[in-house]
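Next come the chains, spelled out residue by residue.
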Amino acid sequence: MTRHVLAVTLGDPVGIGPEIVARTLAEQAGADGHHGVAVGDAAALRRGVEAMGLDVEVRTVEGYGTQPAGGVIDVVDTGVLGDDVPEWGKVDARAGRAAVAAIEEATRAAMAGEVAGIVTGPINKEAIWASGSRHLGHTEMLGELTGVTQQDTMFVVRNTAAEGHHLRIFFTTRHVALRKALDQVTKDRVEESIERAHTALQVFGVEQPRLAVAALNPHGGENGNFGDEEIVHIGPACEAARSRGMDVAGPVPADSVFHQGLVGRYDGVLSHFHDQGHIPAKTFDFDGTISVTVGLPILRTSVDHGTAFDIAGTGRAGHGTMFSAYLAAVDYAPFVDDIRATYGR
């Protein structure tokens, strides 16, 4: 490729996805070194452009090799909805099917090497399920499409307290109830999560990763007085990783480890449950925090928020996280060969 081409899915066409994709691609139209091509229903994108009040042309293209131009947004039209786009902000099975079709097409293009990676807009799980999909969400769908059974989420906090430093946050457990997540924090699982996080940091450009592992209990358990997970599971997993030559600190009390990562002491932090990692990242910089799916043989970045049905179509949606997700994909596109080599089948 003479430039890095990225496929940017619209997400749910009746959510804020078409609006934030439109604004992001309008601002990046004609930029040097990369070209974002929208994937989804062209009519939904045009409606998003109109809602945002943008003065740009939406150009339907057959593939991803078109010449970018200022004031032009290219779109590969999946054609699920035609001109009959459902009402803004309502769960709709047709909208769910359109969202799935965009993901399928973007993933196909990435697997075929037609694009360097994909950037995904927000989907509505209820609409996806109403369309007949059995997947819990984006990640599970991408796993099936790429033939991968083990994927991890890597949050990237791009605007950190340390200049030029991006903090990455990983997760031992994902979308499960908190009570179940606590039971899943075992030595073997933490050790495996450390290894995968360490590998991901290397794949995404950190040659000598410094990884911190968060504690689970207050004050790191206070030598077992506030819980023994640090003694029985987390501490031994960290020690095992260190014995294999990894630069791993922990367990570090969770009320300080994220601050230490943000100021540049660590390249990554392994958190143990969903909100333990989400809350500090989104509190520090909601718009600058994006999600990367690690373990896929393709590059995939994403917004870390939902479809915001309550403001869809009003033009009030902030595009900051989509803009950050797009720029992160531009930054990571040079590593796409390493991603394929490490995680490919």
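Up top is the structure these notes are about.
Fair warning: this is a prediction, and the values are worked out from it, not measured in the lab.

Draft legend 1. Up close: unusual backbone geometry. Omega for the peptide link from G250 to P251 comes to 0°, which places this bond in the cis form. Positionally, P251 belongs in strand β9 (residues 247-252). One non-glycine residue, E222, lies in positive phi territory at about 50°. On the secondary structure map, E222 appears in the loop between β8 (210-214) and α8 (229-243). Positive phi values are uncommon outside glycine, yet A308 reaches one of about 50°. Structurally, A308 is set in the loop between β12 (299-302) and α11 (320-332).

Draft legend 2. Main features of the packing of helix α9 (residues 254-262) against helix α10 (residues 274-284). Relative orientation of the contacting elements α9 and α10 amounts to 50°, with a least axis distance of 11 Å. By the criterion of interaxial angle, the relationship of α9 to α10 is oblique. Along this stretch, α9 crosses α10, giving a crossing that reads as right-handed. Of α10, the residues touching α9 (which contributes A254, F258 and L262) are Q276, G277, P280 and F284. Considering only residue class, the contact of α9 with α10 consists of five nonpolar, two polar and no charged.

Draft legend 3. Spotlight on the side chain of E105. Inspection of the secondary structure assignment puts E105 in helix α3 (residues 93-111). Given a relative accessible area of 19%, E105 falls into the buried group. Apart from residues lying up to four places away in sequence, E105 is in contact with V39, Y64, V76 and T78.

Draft legend 4. Representation of the pairing of strand β7 (residues 167-171) in the model. The buried fraction of β7 is high, at five of five residues. Across the two faces of β7 the burial is the same, with L167, I169 and F171 and R168 and F170 all buried. Across three bridges, strand β6 (residues 152-157) lies against β7 in antiparallel orientation. Opposite V157, over in β7, you have L167 as the bridge partner. With four bridges connecting them, β7 and strand β10 (residues 268-271) associate as parallel partners. Bridge pairing in β10 places F171 opposite S271.

Draft legend 5. Representation of the packing of helix α7 (residues 187-203) against helix α12 (residues 336-343). It is at 10 Å that the axes of α7 and α12 come closest, and there the two elements cross at 150°. Between α7 and α12, the crossing angle belongs to the class labelled roughly antiparallel. Judged by residue contacts, T199, A200 and V203 of α7 engage D338, I339, T342 and Y343 from α12. Here the residues of the contact of α7 with α12 are counted per class, giving four nonpolar, two polar and one charged.

Draft legend 6. Just the layout of surface pockets, in detail. Considering only enclosed or pocket space, the largest pocket measures out at about 580 Å³ in volume. Lining of the largest pocket is provided by 27 residues; of these, K125, H138, T139, H175 and V303 occupy positions nearest its centre. Mapped by element, the contributors of at least two residues to the lining of the largest pocket are α4 (125-130), α5 (138-146), β6, α10, β11 (289-294) and β12. The residue makeup of the lining of the largest pocket, split by class, is seven nonpolar, 14 polar and six charged. Approximately 270 Å³ is the volume found for the second largest pocket. Here the element with the most residues in the lining of the second largest pocket is α7; it accounts for four residues. Grouping the constituent residues of the lining of the second largest pocket by class yields three nonpolar, seven polar and six charged.

Draft legend 7. Examining the side chain of R300 more closely. On the secondary structure map, R300 appears in strand β12. For the buried R300, which has no salt bridge, the nearest side chain bearing the opposite charge is E140, at an N-O separation of 8.1 Å. Among the polar contacts listed, one links the side chain of R300 to the side chain of T120, at a separation of 3.0 Å. A polar side-chain atom of R300 sits 3.3 Å from a polar atom in the side chain of H138.

Reading the values: the criteria
- Residues numbered from 1 in each chain as written.
- Predicted model: local features only at pLDDT ≥ 70, side-chain atom pairs only at ≥ 80, totals over all residues.
- Heavy atoms only, no water.
- Helix = DSSP H or I, 4+ residues; strand = E, 2+ residues; numbered from the N terminus.
- Axes fitted to C-alpha atoms, helices over the stretch in contact; angles between N-to-C directions.
- Parallel < 35°, antiparallel > 145°, perpendicular 65-115°, else oblique.
- Left-handed = near helix turned anticlockwise from the far one by under 90°.
- Contact = heavy atoms within 4.5 Å.
- Nonpolar A, V, L, I, M, F, W, Y, C, P; charged D, E, K, R; others polar.
- Buried < 20%, exposed > 50% of the residue type's maximum accessible area, 1.4 Å probe, protein only.
- Pairing = 2+ DSSP bridges.
- 1 Å grid on protein atoms, 1.4 Å probe; cavity = no way out; pocket = protein on both sides within 12 Å on 5 of 7 lines; lining within 4 Å.
- Points joined across faces, edges and corners; volume = space filled by probe spheres on them.
- Lys, Arg positive; Asp, Glu negative; His and termini not counted.
- Salt bridge = Lys/Arg side-chain N within 4 Å of Asp/Glu carboxyl O.
- Polar contact = N/O pair within 3.5 Å; in protein donor to acceptor, adjacent residues only side chain to side chain.

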